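Spelled out from the first residue to the last, the chains are:
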Amino acid sequence: MNKIVIAALLAGFSLSAGASQTIRFAAEASYPPFEFIDADNKIQGFDVDLANALCHEIDADCTFTNQAFDSLIPSLKFRRFDAVMSGMDITPEREKQVLFTQPYYDNSALFIAQKGKLANMDALKGKRVGVQNGTTHQKYIGEKLPDVKVVPYDSYQNAVLDLKNGRIDAVFGDTAVVNEWLKNNQELAPLGEKVTDKTYFGNGLGIAVRQGNSELQSKLNAALDKVKANGTYKTLYSKWFQQ
Ligand code: ARG
């Protein structure tokens, strides 16, 4: 070790030859294809691949933390991590608390139920619909469908399990995620049309950073521009989403 290295270590600097920065991302990882934990206990998904591609452009290292969806924004503010990338809709309400990047995915929402159980959306009156805590889906039902009973869950996995067991009558989630459930559960079917109400589901999915961290916001936006232009975004999109 030479003197400069020793001095740097004493001063608490990391001298790894790799990235100059680490960006700590967080997500609630039971939401395939956006983020999920695979059989090897590794976090995977479109958000994770895209985050890694962005970090590559920025020359940063990426880490991911998995935690409850409704605690992501509070923990971001508390500096537990630097960015939230969790299939999160850019909404005016959240924009009061965090800064979002440009949208990286055009989002919509969809109800599902057991095949043949509910004739149409009207049949949802008085029925129990599962949503994840803290999501735009929870807010939408609470405000727009007062006749429907909202049943909040920590994870969408448990909501789908209860739907299959008949404990609830429907689940409301992001279309790409609902499509994944439909692919794996032949007994489930979509109910009604896609919901695209921008008041609730915003202008697409974005990466949230702390207010005041416009430096990271700009870096991520520039990196998004690059991966959208150089074909990486398209490759990842086709890898994770049904065409
Ligand atoms: N798109 C919805 C929202 O922004 C739900 C996101 C849930 N994400 C997750 N990783 N569980 O509220």
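Residues numbered from 1 in each chain as written. Predicted model: local features only at pLDDT ≥ 70, side-chain atom pairs only at ≥ 80, totals over all residues. Heavy atoms only, no water.

Colleague: Which parts of the structure should I look at to understand the sheet that holds strand 4 (residues 43-44)?
Modeller: A sheet is described by the order of its strands in space; here three strands give the open sequence 2-3-4, paired in antiparallel fashion. Each end of this open sheet is capped by a strand with a single partner; those strands are strand 2 (30-31) and strand 4. Bridging between strand 3 (residues 35-37) and strand 4 involves two bridges; their strand directions are antiparallel. Among the inter-strand pairings, Ile37 is bridged to a residue of strand 4, identified as Ile43. (Pairing = 2+ DSSP bridges. Helix = DSSP H or I, 4+ residues; strand = E, 2+ residues; numbered from the N terminus.)

Colleague: Just checking my understanding: could you explain the domain arrangement of the chain for this structure?
Modeller: Many structure descriptions define interface size as the accessible area lost when the parts assemble. We note that the domain assignment places domain 1 (3-105 + 203-240) and domain 2 (109-201) within the chain. Taking the mean C-alpha position of each, domain 1 and domain 2 sit 28 Å from one another. Taken together, the contact pairs 17 residues of domain 1 with 20 residues of domain 2. Taken together, both faces of the contact between domain 1 and domain 2 bury some 1,400 Å²; the carbon and sulfur share is 51%. Inspection of the domain 1/domain 2 interface yields one salt bridge. A salt bridge links Glu93 to Lys139; the nearest nitrogen and oxygen atoms lie 3.0 Å apart. (Domains from an automatic or database assignment. Contact = heavy atoms within 4.5 Å. Buried area = accessible area lost by both parts, 1.4 Å probe. Salt bridge = Lys/Arg side-chain N within 4 Å of Asp/Glu carboxyl O.)

Colleague: Sorry, what's going on with the environment of Tyr237 here?
Modeller: Structurally, Tyr237 is set in helix 10 (residues 232-240). You can call Tyr237 partly exposed: its relative accessible area is 28%. Tyr237 sits 188 residues away from Asp49 along the chain, and the two C-alpha atoms are 9.8 Å apart. (Buried < 20%, exposed > 50% of the residue type's maximum accessible area, 1.4 Å probe, protein only.)

Colleague: Sorry if this is basic, but what is going on with helix 7 (residues 175-184) here?
Modeller: One full turn of an α-helix is made of 3.6 residues, so residues set three or four places apart face in the same direction. Burial runs high along helix 7: seven of the 10 residues are buried. Inspection of helix 7 places Thr175, Ala176, Val177, Val178, Glu180, Trp181 and Leu182 among the buried residues, and these make up the whole buried set. In this structure, the buried side of helix 7 is in contact with strand 2, strand 8 (109-114), helix 6 (156-165), strand 11 (170-174) and strand 12 (188-195).

Colleague: Would you take a moment to explain the confidence of the model for the chain for this structure?
Modeller: Should pLDDT be low for a region, the predicted coordinates there are not to be read in detail. Averaged over every residue, the pLDDT of the chain is 93; residues scoring 70 or more account for 92%. When the criterion is pLDDT under 50, residues 4-16 qualifies, and its contacts beyond four places in sequence or with other chains add up to five contacts. (pLDDT = per-residue confidence, 0-100.)

Colleague: I keep staring at helix 10 and nothing clicks. Help me out?
Modeller: Within helix 10 the residues assigned to the buried category are Tyr233, Leu236 and Trp240. Down the axis of helix 10, the buried side of the element spans an arc of 70°, and every buried residue falls inside it. Relative to its buried face, helix 10 has exposed residues pointing more than 90 degrees away, namely Lys234 and Thr235. Where the residues of helix 10 are buried, they touch strand 3, strand 4, helix 2 (46-58) and helix 9 (214-229). (Arc of directions from axis to C-beta.)

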